[in-house]
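Commentary on secondary and tertiary structure
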Amino acid sequence: MDKPAPSHFQVARALLKELQEKYPVLRDAQPLAIGIDKQLIALQPEINRKALRIALGIHTNSLRYLKAMKKAENRFDLEGNPAGEITDEQRAHAATVLEERLKKDAELRKAQRQAELEKKKAEEAEQRRTEKLNQLAAKFSRTR
């Protein structure tokens, strides 16, 4: 039986991993030069453009990258050379996205904990109900 073709996301993840192994600027999550995609395509014309766009999106939306953008002063090309400054607006955007992501993650964890607590309470209530039913059944089975 044939395996299904990998999704665009899976292809992009594999491409990102390959690029991170090849280019320290990606591996170290340094802020990337504007137009780095064109630089990558010039060096590796065989790269699937859609996969590259998704891979760079995954990379630039990662927590590590956003944290680096929030603190850094410069962007870097593939060789690690400075390739433009990061504006205050870009730093502020990274900080905002990072803050929203962390807040959303915290809310999700809180909701998961609440759901687990409610499930545990329901299980305990069911356990008590079963025990009471068993006690009643035992009580009435003895008296007859």
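Scope of this entry: the structure provided in the associated data block.

The rules behind these values
- Residues numbered from 1 in each chain as written.
- Predicted model: local features only at pLDDT ≥ 70, side-chain atom pairs only at ≥ 80, totals over all residues.
- Heavy atoms only, no water.
- Phe/Tyr/Trp six-rings, centres within 6.5 Å; stacked < 30°, edge-to-face > 60°.
- Lys NZ or Arg CZ within 6 Å of the ring centre and 35° of its normal.
- Salt bridge = Lys/Arg side-chain N within 4 Å of Asp/Glu carboxyl O.
- Helix = DSSP H or I, 4+ residues; strand = E, 2+ residues; numbered from the N terminus.
- Patch = residues over 30% accessible without salt bridge, like charges linked within 9 Å, V, L, I, M, F, W, Y side chains within 5 Å.
- Areas by Shrake-Rupley, 256 points an atom, 1.4 Å probe, with all protein chains shown as cover.
- Expected span 1.5 Å × (residues − 1).
- Buried < 20%, exposed > 50% of the residue type's maximum accessible area, 1.4 Å probe, protein only.
- Arc of directions from axis to C-beta.
- Contact = heavy atoms within 4.5 Å.

**Here we look at the packing of aromatic side chains**
Evaluated as defined, the whole model comprises zero aromatic pairs. Sitting over the ring of Phe140, Lys139 keeps its end group 5.9 Å from the ring centre.

**What about the pattern of salt bridges?**
Throughout the structure, instances matching the rule amount to three salt bridges. The closest approach of N and O atoms between Arg91 and Asp88, which form a salt bridge, is 2.7 Å. You can see Arg91 and its partner Asp88 sitting in helix 6 (residues 88-143), three residues apart, about one turn around the helix.

**As for a nonpolar patch on the surface**
Nonpolar side chains collect at one region of the surface, where Leu133, Leu136 and Phe140 lie side by side and expose about 290 Å² of accessible area between them. By the element assignment, Leu133 lies in helix 6.

**As for helix 4 (residues 49-60)**
Residues lying three or four places apart along an α-helix face the same way, a consequence of the helix completing one turn every 3.6 residues. Between the first and last C-alpha of helix 4 there are 16 Å, a value that for twelve residues agrees with the 16 Å anticipated at 1.5 Å per step. All buried positions along helix 4 are accounted for by Ala51, Leu52, Ala55, Leu56, Ile58 and His59. Across the axial projection of helix 4, the buried residues extend over an arc of 155°, all falling on one side. Away from its buried face, by an angle of more than 90 degrees, helix 4 presents the exposed residues Arg49 and Arg53. On the buried face of helix 4, the contacting elements are helix 1 (8-22), helix 2 (24-27), helix 3 (36-43) and helix 5 (63-71).

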